[in-house]
Amino acid sequence: MQIKRLRLSGFKSFVDPADLRIEPGLTGIVGPNGCGKSNLLEALRWAMGENSPKSMRGAGMEDVIFAGTATRPQRDFAEVSILTDEMGDEGEVEIVRRIERGAGSAYRINGRDVRAKDVSLAFADAATGAHSPALVSQGRIGAIISAKPAERRAMLEEAAGIAGLHVRRKDAEQK
Ligand code: ATP
Ligand code: MG
């Protein structure tokens, strides 16, 4: 699976709709301090189902919504879309996450409303996801070096593409 396109609207500093084509071979984002590099990586992880506001550098999840500046009012929603070339048995798949103030998050896969878990599972089966070691965000190298063995094992399981099995096992145990 390859991510071909990332679209954002109202997400953090990306108040205006932004449409980024991700070409094969892209390995990093460069730019001046504060231009939004980390926000872009966070948008990817967020649309994949990241649920920890702290890892989005916020106190609550609504903090990902554009908060306003001296010249522009805040936004009421944030939306991020990921377009993949294929996923499982399907061809192009678009995953969208949207959050509205006071209304929480909603997910869509190819226009169909789905649960957060469906999105996490879809990415886990494609051996990637919000916690994939392939997404090296700021401070991540230090975190890997100082990780406890159990945390490092979780990283290896993500890399091996078996992380989704834990979710399914937990599901089965609850039934
Ligand atoms: P550095 O090189 O320092 O790591 P960076 O390119 O990674 O910088 P980011 O951390 O992605 O930059 O972007 C920081 C900018 O995003 C700041 O100007 C911050 O005010 C802005 N920002 C973050 N959250 C929001 C929000 N909810 N609404 C508006 N702006 C936001
Ligand atoms: Mg940064």
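- The name given to the protein in an unreviewed UniProt entry is Chromosome partition protein Smc, and the organism recorded there is Sphingomonas rustica.

### Quick word on the site of ligand 1
Point 1. Taken together, 15 residues surround ligand 1, and among them Ser13, Lys37, Ser38, Asn39 and Ala67 come closest.
Point 2. Grouping the amino acids of the shell around ligand 1 by side-chain chemistry returns 4 nonpolar, 8 polar and 3 charged.

### Some points on the UniProt feature "binding site: ATP" (unreviewed entry) in the protein
Point 1. If you check UniProt for "binding site: ATP" (unreviewed entry), the listed places come out as Pro32, Asn33, Gly34, Cys35, Gly36, Lys37, Ser38 and Asn39 in our numbering.
Point 2. In this fold, proline 32 is placed in the loop between β2 (18-21) and α1 (37-47).
Point 3. Judged by C-beta crowding, with 7 C-beta atoms within 10 Å, proline 32 ranks as exposed.
Point 4. Exposure remark for asparagine 33: the 5 C-beta atoms within 10 Å place this residue in the exposed category.

### Points about the nonpolar core
Point 1. Ala43, Ala47, Val64, Ala78 and Val80 are the most contacted members of the largest nonpolar core, which has 28 residues in total.
Point 2. Secondary-structure elements contributing two or more residues to this core are α1, β3 (77-84), β4 (93-100) and α2 (116-125).
Point 3. Excluding residues that lie within four positions of it along the chain, valine 80 makes contacts with Leu8, Phe11, Ala43, Trp46, Ala47 and Arg97.

### A word on the environment of alanine 103
Point 1. Summarising the element assignment, alanine 103 is placed in the loop between β4 and β5 (104-109).
Point 2. Residue classification places alanine 103 among the exposed positions, given that 11 C-beta atoms sit within 10 Å.
Point 3. Sequence spacing of alanine 103 and glutamate 62 is 41 residues, and the spatial spacing of their C-alpha atoms is 9.5 Å.

Rules used throughout
Residues numbered from 1 in each chain as written. Chains lettered and ligands numbered in written order. Predicted model: local features only at pLDDT ≥ 70, side-chain atom pairs only at ≥ 80, totals over all residues. Near = placed C-beta within 6 Å. Nonpolar A, V, L, I, M, F, W, Y, C, P; charged D, E, K, R; others polar. UniProt positions renumbered as here; feature names shortened; annotations may be inferred. Helix = DSSP H or I, 4+ residues; strand = E, 2+ residues; numbered from the N terminus. Buried ≥ 20, exposed ≤ 12 C-beta atoms within 10 Å, placed from the backbone. Core = buried A, V, L, I, M, F, W, Y, C linked by C-beta atoms within 7 Å. Contact = placed C-beta atoms within 7 Å.

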